[in-house]
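Architecture and fold: a report
What follows is each chain in one-letter form.
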Amino acid sequence: MSDVLGDNIPTFDSSGAESQEVGLSNMSALADTGFASNWKEALILILVACGVIGGLELVVRVFDVPAYTFPAPSAIGQSLWDNFRPLYWPHLLVTLKVLFLGYFIGASIGILLAAVITQFPFAEKIVTPYILLLVTTPMIALVPLLVQKLGFGIQPRVIAVALASGPMVMINAATGFRRTDLAKLALARSYGASTFQIFTKVRFPLALPMIIVGLMVGAIFGLLTAVGAEIVGSGEGLGNRLMYYSSRIQMANFWSIIVILAVLGILIYVIFYWIGKRWASWQA
Amino acid sequence: MVQTETVMNAMGGAERSGVVQVEHATKYYKTNTGSVHALEDITLDIRKGEFIAIVGPSGCGKSTLLWAMSGLHDLTSGKVVIDGSTVTGPRSEIGMIFQEANLLPWRNLQKNIEFPFEIKKIDSKPYRPRIQELLVEVGLTGFETKFPRELSGGMQQRASIVRCLAFDPDIILMDEPFGALDAFTRDEMNLLIQKLWMETGKTIVFVTHNVSEAILLADRVVVLTPRPGRIAHVFDIDLPRPRTIEETYSPPFIEKIFEIKDTIMQGSYRPEHVAEVTRKVAGVSARKAGA
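Criteria and cut-off values
- Residues numbered from 1 in each chain as written.
- Chains lettered and ligands numbered in written order.
- Predicted model: local features only at pLDDT ≥ 70, side-chain atom pairs only at ≥ 80, totals over all residues.
- Helix = DSSP H or I, 4+ residues; strand = E, 2+ residues; numbered from the N terminus.
- Buried ≥ 20, exposed ≤ 12 C-beta atoms within 10 Å, placed from the backbone.
- Contact = placed C-beta atoms within 7 Å.
- Domains from an automatic or database assignment.
- pLDDT = per-residue confidence, 0-100.
- Pairing = 2+ DSSP bridges.
- Axes fitted to C-alpha atoms, helices over the stretch in contact; angles between N-to-C directions.
- Parallel < 35°, antiparallel > 145°, perpendicular 65-115°, else oblique.
- Nonpolar A, V, L, I, M, F, W, Y, C, P; charged D, E, K, R; others polar.

1. Structural notes on the environment of A:P156
Residue and element names in this part refer to chain A. Within the fold, P156 resides in helix α6 (residues 155-178). Residue P156 is classed as buried on the basis of its 24 C-beta neighbours within 10 Å. Sequence separation of P156 and L142 is 14 residues, and the distance between their C-alpha atoms is 8.5 Å. Filtering out sequence-adjacent residues up to four positions away, P156 remains in contact with V143, L146, V147, L150, A229 and G233.

This is the structure:
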C-alpha cells in the first residue's frame, strides 16, 4: 500500500526532524553570525581590524623584522596594488577555473549519489566506507600520479578538486536526505503523493540545509585542494605562485597571494551564508 | 455569520457521503524483537456525519486503526470500507489532521494550506475564497505570509485544520491533534472543532487519550484495550449540542468520564463495578464533608 512509510508503528518523535543536531556546522550557527547589526558595532569591527593591521606594521617596524621573515602589511598592500592586474589576476583565473570545474563535477555527483544512496540503506552501508576513505585521503597526493598519466594540463587538478569536494558534499547531503520525518511523509502520502512528489516536496526541502552546509564545506575543501594541486603539479595558478615567490624570497608577493586566497575563502563562506539565509533560514 | 453560511453551503452538500465501515480489522507489526499485535478483530460502523472518538491508553493501536482507515497502512487481515469501496491506499475523500500541526516549516501559511492542492495537482485559485473564509473562521487572517515557527502551537494547529478543510474532504481523521497543546488552547480548539463539525456535517474520527475531550466532542466514544487493541465498549454520548466547557463539570458528564475511565482501567465495561466505586467515592467525600 505504501512504500515510503514502511510498516512501522506510527509513533512520532515529538522533537521532529528539523530540530535534529546537524553535523559539522549547524546552519543556525551559520545564520546567526552576520556582520555588524548597527553602525556602532560596525565602527568597532573596523577599528579592531585597523588595530590588528596597524599593530602588525608597528611590530615589524619597531623590531626591524626582516622582509624575508615577515613583510610589513604596507609592503604587502603595495605589492597587491602594483601586481594584482599584471601578475596575480591571470593565475587567480586559472585557480578559479580549476575550482569551478572540479567543484561543479564533484558537487553534482555528490548530491545525486546522496539522494539515490539514502533510499537504499544496504547500498549506503556498502558505499559509506569508500566515501569516508575519499573524505580522509588528501587528494593532493594523487596529483603527481595523475600528472604522469594526463600531463600538465588542468585535468589532474580538476579531478583532484572533484574528488576532494564531491565526497564532502555527499556525506553532508546524505545526512540531510536521511532525516525522515515520518509525520511529514504521512501527511504527503495521505494526499496521495507519489514517491517523486515526496522527494521533491518533502525530502529535498528537508535535506536542503544540510546540502547547503555540504556545498560550503565542499567548496572550501575544493579551494584547498586546487591550491595544493598547483603546488605539487602545475606551472600556473595561485598555488604555483606561492612556490615561485617563496623560492625567490619575494615575500611581499608571496603574502599577497596568501591574502588573495584568504579573501577567496571568506567569499565562499559569505556566499553560502547568504544562500543559507535565503533557503534554509526556516531551520534557525 | 455570513461567511460561516457560505462555508457551510460550499462544504456541506446534502448528497455527500462519508460512511466508514471497519470489518474485523487485525494488525500485526513486524519489529526487530518479534511481532507486535496492534489490533484484534475491530469491527465498527461509522455513519455519515457522525463524530466518533477513539480513546485508550498509549500503545493500544488507536493510531494504527486511524492509519488503516486512511489507507496509509495495510491491515494484516480484515478491511476498511469507505462509501462501499474497500480502502487500498490514500483516498481523496479523506483529510488527516496530525499530532503537532505537522506544517512544513519551509513554507509559509498560505503555501502550507495549498500543499494538498499541489500534491493532487489541482489549481488552488478557485478555492482561494473558501480558504480565505476558513482563515476568517479560525481567526488566522493576516497571517498568510507567516512561517510556522512564527506562530503559536494553537495557531499552527488551526492552520492545519484549514489545510485539511480547504480541499473539502468528506471524512476527517484526527490523530491526537491537540495532545501537544496546553489545556486552555485545547479547550478553545475543541470548541472550534465542534463548531466546524456542526456547520459542515463531516464524518470525523478523533483519536485522543483525553477522556473529557472525547466526551465533549463525540456522538460515540470507542474505548480500546491495549495490546492487542480490542473494542472494550462503545459509549453513546447523548448530551445536547452545542456542548460547552462548563458542561464538562456537570454530573452527567462526570458520570460518563467515570464510566469510560473505569472501562479503560478494567479492560471492559462493568456497570456494577462503576456503581460500587461511585458509592465508595461518594462515601469518602461525604466523610470529608462531615469532618
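And the narrative resumes.
2. Quick word on the domain arrangement of chain A
Domain parsing of chain A yields domain 1 (33-65) and domain 2 (80-283). Taking only C-alpha atoms, the centre of domain 1 of chain A and the centre of domain 2 of chain A are 31 Å apart.

3. Some details on the confidence of the model for chain A
Residues of chain A with pLDDT of at least 70 account for 89%, and the chain-wide mean is 86. Confidence over residues 14-32 of chain A falls short of pLDDT 50; this stretch has 37 contacts with residues more than four positions distant or in other chains.

4. Notes on the sheet that holds strand β1 (residues 20-31) of chain B
Residues and elements named next belong to chain B. With antiparallel pairing, the four strands of this open sheet are ordered in space as β2-β1-β4-β5. Since the sheet does not close on itself, it has two edges, and those belong to β2 (34-46) and β5 (85-86), each with one partner. The pairing of strand β4 (residues 77-82) with β5 spans two bridges and is classified as antiparallel. Bridged to V81 within β5 is T86. Where helix α2 (residues 62-70) meets the sheet, it contacts β1, β2 and β4, and its direction lies at approximately 115 degrees from that of β1.

5. What to know about the packing of helix α8 (residues 195-233) of chain A against helix α10 (residues 251-279) of chain A
Residue and element names in this part refer to chain A. Contact pair α8 / α10: the axes reach a minimum separation of 10 Å and the direction vectors enclose 170 degrees. As the angle between them shows, α8 and α10 are arranged roughly antiparallel. The segment α8 lies against α10, with L208, I212, L215, M216, A219, I220, L223 and V227 engaging L261, L264, G265, I268, Y269, F272, I275, G276 and W279. When the residues that make up the contact of α8 with α10 are grouped by side-chain class, the tally is 15 nonpolar, two polar and no charged.

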